[in-house]
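Chain by chain, the residues:
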Amino acid sequence: MEHERHALDREAVRRGREILRRAERVVVLTGAGVSADSGVPTFRGEEGLWKRHRPEELATPEAFARDPRLVWEWYAWRRELVAPCEPNAAHRALADWARRRDGVTLVTQNVDGLHGRAADVGQRTDAGTADRPGADGGTPRRAGADPIELHGSLFRVRCTACPGRYPHRDPVDTTSERSLPRCRACGALLRPDVVWFGEPLPSEALRRAFEAAGDAEACLVVGTSGVVFPAAGIATAAAASGATLIEVNPEATALSGLTEVALRARAAIAVPALLAP
Ligand code: NAD
Ligand code: ZN
């Protein structure tokens, strides 16, 4: 099995912990790999087979303009795949750590909302009763636990006509174009609040992420291949301004050459080892 092939390197864990302990500011960049242990499928997996459409053909503004029903059908299906997935030990360790200490900025490329849910869970006092709150749950907490979602979220929508933007977990009725979700402010069609191919990343999220990268003394990169830009640029920018890079990934990546400490292990094993008190 994957994790047996990559036993945790105790010396690398010790060095990683030391770097993180000394760093006043840390920027964390996560990708699809951090959610692999939660069972979230990747683009290259089953999704590639969905009704013979490739993500590159559906996740575009042109596809939505042409056939919003088809695009919503695909997102409804992706939501169904992700909804039963739970944050894993890596999401939880990151959320706990960011709550315990100052100076953490968590940046993710994932659209599955699992970092936010891990932060929400830690925040609750009555874990059994609260419904999953949206990204704007409103409870004050240390900012580090709230992820900067560079590519948006499957569980938020935004209006195609006005600035309206809402948490949205309800089932979507994709039987006809008229049944698709509509903006409560202006009545126009709502779309998934995710960044599509050819679209710019949300500028405020990007600005905050690069600011954190420029200020960080350490950068922890978890489960990203480091080939999707500008997201991967967070890690290269951090390295360029002097941050020490720590990588958690069972495989070497495009960022491995910049890395001081590499933990070749699954996120759910290596991240708790790095961040446990
Ligand atoms: P990627 O698919 O390019 O790379 C994933 C990386 O995770 C690989 O380097 C792989 O070796 C590593 N990995 C696999 N299993 C792991 C584990 N258990 N622990 C740690 N690492 C593991 O993903 P990316 O770099 O995030 O870029 C892909 C793009 O697709 C992004 O833009 C992202 O928004 C999108 N995407 C998001 C999700 C999600 O929200 N969970 C899922 C698939 C794709
Ligand atoms: Zn609107």
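These numbers were taken from a predicted model, which means no experiment stands behind them.

**Student:** Could you give an account of the overall build of the protein, with specific residues and numbers?
**Tutor:** Counting secondary structure elements, the protein contains eleven helices and nine strands. Buried positions account for 49% of the 277 residues belonging to the protein. Total accessible area on the protein is roughly 13,300 Å²; 51% of this is exposed by carbon and sulfur atoms.

**Student:** Go over the site of ligand 1, please, and point to the residues and values.
**Tutor:** For ligand 1, the set of nearby residues contains 25 residues, the closest of which are Gln109, Asp112, Thr224, Ser225 and Asn249. One of the backbone nitrogen or oxygen atoms of Val111 is found 2.7 Å away from an oxygen atom of ligand 1. In the model, an oxygen atom of ligand 1 is placed 2.9 Å from a nitrogen or oxygen of the His151 side chain. Computed on the free molecule, ligand 1 has an accessible area of 860 Å², of which 83% lies beneath the protein chains in the complex. A total of four residues in the shell around ligand 1 trace back to one element, the largest contributor, which is helix H3 (residues 32-36).

**Student:** Tell me about the sheet that holds strand E1 (residues 26-30), residues and numbers included.
**Tutor:** The strand order E3-E2-E1-E7-E8-E9 describes an open sheet built from six strands, whose pairing is parallel. Each having just a single partner strand, strand E3 (148-149) and strand E9 (259-263) make up the two edges of the open sheet. Running over the sheet, helix H10 (residues 232-240) touches E1, strand E7 (218-222) and strand E8 (244-248) and is turned about 150 degrees from E1.

**Student:** Any chance you could break down the pairing of strand E6 (residues 190-194) for me, citing the residues and the numbers?
**Tutor:** Most of E6 sits out of view: five of its five residues are buried. In the sheet, strand E4 (residues 152-159) pairs with E6 via five bridges, with the strands oriented antiparallel. Each residue of the ladder has a partner; that of Cys159, found in E6, is Leu190.

**Student:** I'd love a proper account of the coordination of the zinc ion (ligand 2), names of residues and values included.
**Tutor:** Within the protein, the zinc ion (ligand 2) binds to Cys159 (SG), Cys162 (SG), Cys183 (SG) and Cys186 (SG); these donor distances fall in the range 2.3 to 2.4 Å. Taken together, the four donor atoms surrounding the zinc ion (ligand 2) define angles of 100 to 118 degrees at the centre, an arrangement classified as tetrahedral. Between consecutive donor residues of the zinc ion (ligand 2), the sequence gaps follow C-x2-C-x20-C-x2-C. Of the two residues, Cys159 is situated in strand E4 and Cys186 in the loop between strand E5 (165-167) and E6; the sequence distance between them amounts to 27 residues. The class of Cys159 is buried, set by a relative accessible area of 5%.

**Student:** If you had to explain the nonpolar core to someone new, which residues and values would you point to?
**Tutor:** Formed by 34 residues in total, the largest nonpolar core has its most connected members in Leu220 and Val271. Not counting the four nearest positions on each side in its chain, Leu220 is found in contact with Val26, Val27, Val28, Leu29, Leu94, Ile246, Val248, Leu274 and Leu275. In this structure, Trp50, Val111, Tyr166 and Ala188 belong to the second largest nonpolar core, which totals 28 residues.

**Student:** Account for the pairing of E1, with residues named and values stated.
**Tutor:** The element E1 is largely enclosed, with a buried count of five among its five residues. Side chains Val26, Val28 and Thr30 project from E1 onto one buried face, and the interleaved Val27 and Leu29 project onto a second face that is buried too. Of the pairings in the sheet, the one linking E1 to strand E2 (residues 104-108) comprises five bridges and is parallel in character. Bridge pairing in E2 places Val27 opposite Thr105. As paired strands, E1 and E7 are joined by five bridges and run parallel to one another. Residue pairing across strands places Leu29 opposite Val221, the latter belonging to E7.

Definitions and limits used
Residues numbered from 1 in each chain as written. Chains lettered and ligands numbered in written order. Predicted model: local features only at pLDDT ≥ 70, side-chain atom pairs only at ≥ 80, totals over all residues. Heavy atoms only, no water. Helix = DSSP H or I, 4+ residues; strand = E, 2+ residues; numbered from the N terminus. Buried < 20%, exposed > 50% of the residue type's maximum accessible area, 1.4 Å probe, protein only. Areas by Shrake-Rupley, 256 points an atom, 1.4 Å probe, with all protein chains shown as cover. Near = heavy atom within 4 Å. Polar contact = N/O pair within 3.5 Å; in protein donor to acceptor, adjacent residues only side chain to side chain. Pairing = 2+ DSSP bridges. Contact = heavy atoms within 4.5 Å. Axes fitted to C-alpha atoms, helices over the stretch in contact; angles between N-to-C directions. Donors = N, O, S within 2.8 Å, 3.2 Å for Na, K, Ca; no water. Tetrahedral: all angles 85-135°; square planar, octahedral: opposite > 155°, others 65-115°. Core = buried A, V, L, I, M, F, W, Y, C linked by side-chain atoms within 4.5 Å.

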